[in-house]
Amino acid sequence: MKQRLSRRWAAVPLLAALTIDGGSALAQTATGKGGAASGPIGVPAGYALVWSDEFDEPGLPDSSKWAHDTGMNKQGWHNREKQYYAGPRAENAAVRGGRLVITARKEALSSQPDWGGQHYTSARLITKGKAEWTYGYFEVRAKLPCGQGTWPAIWMLGSQGDWPAAGELDILEHMGRKPEWVFSTVHTTSGHGGHGVGEGRTLPTACSGFHNYQMLWTPKEVRFGVDGQVHAAYPNLGKGPAQWPFDKPQFLILNLAIGGDLGGEIDDAIFPIGYEVEYVRVYQAAR
């Protein structure tokens, strides 16, 4: 499958984004700079688990829950990324020891018909066509790879329409070249790419320990957190779909990109390198 465009650059400060969004009310609804916010985050009262993958069956990822996105391999992926995303292949995505492990390798799968000249392989797993949600609480417990050139992410894209009009919610992004920093970003028609709205936080053990990456998406706002603490928020200002396209289904993506606009220069000595996920859980308000 193909997406018109994916995440491009880290978010800029919120006040800069106002020149695109055109609404001073946005500054009044967020705390601090760049979409920063604070407070607790967790499963809200009255929410129930509606979908999960606990990664308790060894082997390839569960094909009833995940598809391998390989659609841009031939022409090359967005953001000048350097990886080839493989189809079902244990060398790049496998469940073992109760964890999903996405592994990037230095290799060229030149015998594949969709090979586009890449010298690195990885995996990009998506729930599109299998599970999509409008609103909910999302939690992914993961340990990130740390190596010059890695760019792992946990994120969502709108399943109805093209980017950025359908919206993008980046629950977690990380750059191996900045190992103690994690961040979240929202992309819409009114602010996307380098003008996406978001914020990050320092997390010294992002690569040495597992952490819970969290998002609460309601009709009023989206809040992002790590281990129960919010670091970013994005409000619905009631200005229409250019500012708030988040009233339609989105699907989930787990991927490990290599190089590109945020991954940066690649150190070949890091490979193979893995991105580990203990679980993915989605909760929604009981009906």
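Residues numbered from 1 in each chain as written. Predicted model: local features only at pLDDT ≥ 70, side-chain atom pairs only at ≥ 80, totals over all residues. Heavy atoms only, no water.

A. Representation of the overall build of the protein chain in the model. Looking only at helices and strands, the protein chain features 3 helices and 17 strands. Counting over 287 residues, the protein chain shows a buried share of 55%. In the protein chain, once contacts between residues fewer than 6 apart in sequence are set aside, the share between residues at least 24 apart is 72%. Taken as a whole, the protein chain presents about 11,300 Å² of accessible surface, with 51% of it coming from carbon and sulfur. (Helix = DSSP H or I, 4+ residues; strand = E, 2+ residues; numbered from the N terminus. Buried < 20%, exposed > 50% of the residue type's maximum accessible area, 1.4 Å probe, protein only. Contact = heavy atoms within 4.5 Å. Areas by Shrake-Rupley, 256 points an atom, 1.4 Å probe, with all protein chains shown as cover.)

B. Molecular detail of the state of the cysteines. What the rule picks out here adds up to 1 disulfide. Sulfur-sulfur distance for the disulfide between C146 and C207 comes to 1.7 Å. On the S-S bond that ties C146 to C207, the torsion sits near 60°, and the link is right-handed. Taken together, the residues C146 in the loop between β8 (136-143) and β9 (150-158) and C207 in the loop between β12 (197-202) and β13 (211-217) connect sequence positions 61 residues apart. (Disulfide = S-S within 2.5 Å.)

C. Layout of the confidence of the model for the protein chain. When the pLDDT values of the protein chain are averaged, the result is 90; 88% of them are 70 or greater. Low pLDDT, under 50, characterises residues 1-34; the stretch is placed with 94 contacts to residues that sit more than four places away or in other chains. (pLDDT = per-residue confidence, 0-100.)

D. Spotlight on the sheet that holds strand β10 (residues 168-174). The strand order β2-β7-β16-β9-β10-β11-β12 describes an open sheet built from 7 strands, whose pairing is antiparallel. Edge positions in the sheet fall to β2 (67-68) and β12, since each has one partner strand and no second. Here 3 bridges tie strand β7 (residues 124-126) to strand β16 (residues 250-258), and the two strands are oriented antiparallel to one another. Among the inter-strand pairings, R124 is bridged to a residue of β16, identified as N255. (Pairing = 2+ DSSP bridges.)

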